[in-house]
Amino acid sequence: MIILGFESSCDETGVAAVCTERGLLAHALHTQIAMHQEYGGVVPELASRDHIRRVVPLTRQVLGQAGLALADIGAIAYTAGPGLAGALLVGASVAQSLAWSLDLPAIPIHHLEGHLLSPLLADPCPEFPFVALLVSGGHTQLMRVDGVGRYQLLGETLDDAAGEAFDKSAKLLGLGYPGGPALSRLAQQGDVTRFDLPRPMLHSGDLDFSFSGLKTAVLTRVKAAERQPGGLDEQTRADLSAATQAAIVDVLIGKSVKALKLTGLKRLVVAGGVGANSLLRSKLAQALKPLTAQAYFPPLELCTDNGAMIAFAAAERVKHGLATLEKGNHAFTVRPRWDLADICEA
Ligand code: KG4
Ligand code: ZN
């Protein structure tokens, strides 16, 4: 079965076609980063309007790339939450209208399940069970994944998400939005030893995270630098970027290693936008060596939000009999707040 999937939960419009037998056929993405940049963050109303503008051309692009006609599609998937209500509504209403007009089933997908399963799109892909580190702009969670729909929360952030820590620190350093890529680029020119930033909850004994204190620590260093004669100069910003990135990465790695030890599992899957961070990728590979464990990442282009992970999650649900393939009922809602535990089978 071929599934057409739509992602519109935040600032990326993603469309993709995935076949339950042949995998990813085509995907197309439009990122709104440039549009939101001048506001220093996502403006929800602008995001919704832009999704409306992009979704049909992207759909045509995907169908064209995959050589598909609408008649080839067997089901329509869309992100039903969590995310921005207005933005979610665009993808949901387009998907449901298309499903209605083609008399196809529509499959609502949890955005985090999309991220969680996206490393299965990579080659080599991990086998179940594995530990998943989900690190995005809104979420930081460690999960035990025993199969499709079988997710157990091991730990999560008590306050800011890892991506949020990158974004907020970057803002304090006068870097653009989104902060993660900008901060990690500047960190390459920085001296990581100059500032010693805290590693919050690294030794807390559990698998929870806390990143809000880190942001405060960065703010303190920024204010101190501004009081110096040279002010917050370029080198200081680079050094602080390097220190911030190192602190976040250390905590993510420390907790992931602990999760592997506690579960006895040997596979760690990293998903979500922060999974694109190159320091995290390289340091994790080193940290897992002594455990004879292996890290798996989605292809780089599928780390941040995209339609492929949504169509793929729907395909996996269909394959495992976890999707309702009912036709004709197109009443729908979106869930801006939606706990992943709500969709777990066990
Ligand atoms: O998964 P995602 O695209 O959207 C959400 O569902 O939140 O993640 C976006 C987050 C942002 O906080 C962004 O700064 C961060 O991922 N990010 C990065 C990098 N690329 C994206 N953080 C650190 N290093 C990167 N290279
Ligand atoms: Zn995401």
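The rules behind each value
Residues numbered from 1 in each chain as written. Chains lettered and ligands numbered in written order. Predicted model: local features only at pLDDT ≥ 70, side-chain atom pairs only at ≥ 80, totals over all residues. Heavy atoms only, no water. Donors = N, O, S within 2.8 Å, 3.2 Å for Na, K, Ca; no water. Tetrahedral: all angles 85-135°; square planar, octahedral: opposite > 155°, others 65-115°. Pairing = 2+ DSSP bridges. Helix = DSSP H or I, 4+ residues; strand = E, 2+ residues; numbered from the N terminus. Axes fitted to C-alpha atoms, helices over the stretch in contact; angles between N-to-C directions. Expected span 1.5 Å × (residues − 1). Buried < 20%, exposed > 50% of the residue type's maximum accessible area, 1.4 Å probe, protein only. Polar contact = N/O pair within 3.5 Å; in protein donor to acceptor, adjacent residues only side chain to side chain. 1 Å grid on protein atoms, 1.4 Å probe; cavity = no way out; pocket = protein on both sides within 12 Å on 5 of 7 lines; lining within 4 Å. Points joined across faces, edges and corners; volume = space filled by probe spheres on them. Nonpolar A, V, L, I, M, F, W, Y, C, P; charged D, E, K, R; others polar. Domains from an automatic or database assignment.

Colleague: Sorry if this is basic, but what is going on with the coordination of the zinc ion (ligand 2) here?
Modeller: By definition of the ideal shapes, four donors in a tetrahedron about a metal sit 109.5 degrees apart, and six donors in an octahedron sit 90 or 180 degrees apart. For the zinc ion (ligand 2), the full set of protein donor atoms is His111 (NE2), His115 (NE2) and Asp305 (OD), at a range of 2.0 to 2.1 Å. Between the four donor atoms coordinating the zinc ion (ligand 2), the angles at the centre fall across 93 to 144 degrees, so the site counts as irregular.

Colleague: Where do I start with the sheet that holds strand β2 (residues 12-19) in this structure?
Modeller: Read across the open sheet, the five strands follow the order β3-β2-β1-β4-β5; overall the sheet is mixed. Both outer strands of the open sheet, β3 (23-31) and β5 (106-110), are each paired with one neighbouring strand and no more. Put simply, the sheet's adjacent strands are angled 20 degrees from each other on average, direction ignored. Sheet topology note: the strand β4 (residues 75-81)/β5 ladder contains five bridges and is parallel. Within β5, the position partnered with Tyr78 by the bridge is Pro108.

Colleague: What's the story with helix α8 (residues 234-263) in this structure? I'm lost.
Modeller: For the α-helix, the turn length of 3.6 residues means that residues three or four positions removed from each other point alike. Between its terminal C-alpha atoms α8 stretches 43 Å, which fits the 44 Å expected from 30 residues at 1.5 Å a residue. Among the 30 residues that make up α8, 22 are buried, leaving the element largely enclosed by the rest of the structure. In this structure Asp233 caps α8, since a side-chain oxygen of it lies 3.3 Å from the backbone nitrogen of Gln235. One or two steps after α8, the chain reaches Gly264, where phi turns positive at roughly 75 degrees.

Colleague: Help me understand the layout of surface pockets in this model?
Modeller: Taking a probe equal in size to a water molecule and rolling it over the atoms shows the remaining empty space. Counted as a void, the largest pocket has a volume near 1300 Å³. Around the largest pocket, the lining comprises 45 residues; the ones closest to its centre are Ser136, Gly137, Gly138, Asp167 and Pro178. For the lining of the largest pocket, the elements supplying multiple residues, two or more each, are α4 (111-117), α5 (162-172) and α6 (179-187). The element contributing the most residues to the lining of the largest pocket is α5, with seven residues. When its residues are assigned to classes, the lining of the largest pocket shows 16 nonpolar, 20 polar and nine charged. Of the residues that make up the lining of the largest pocket, three or more belong to each of domain 1 (2-116 + 303-343) and domain 2 (127-297). One number sums up the size of the second largest pocket: a volume of about 420 Å³. Lining the second largest pocket are 23 residues, with Tyr78, Ala106, Ile107, Pro108 and Thr324 positioned closest to its centre. Along the lines of polarity and charge, the residues of the lining of the second largest pocket split into 13 nonpolar, six polar and four charged.

Everything listed here is a matter of geometry and, on its own, says nothing about what the molecule does.
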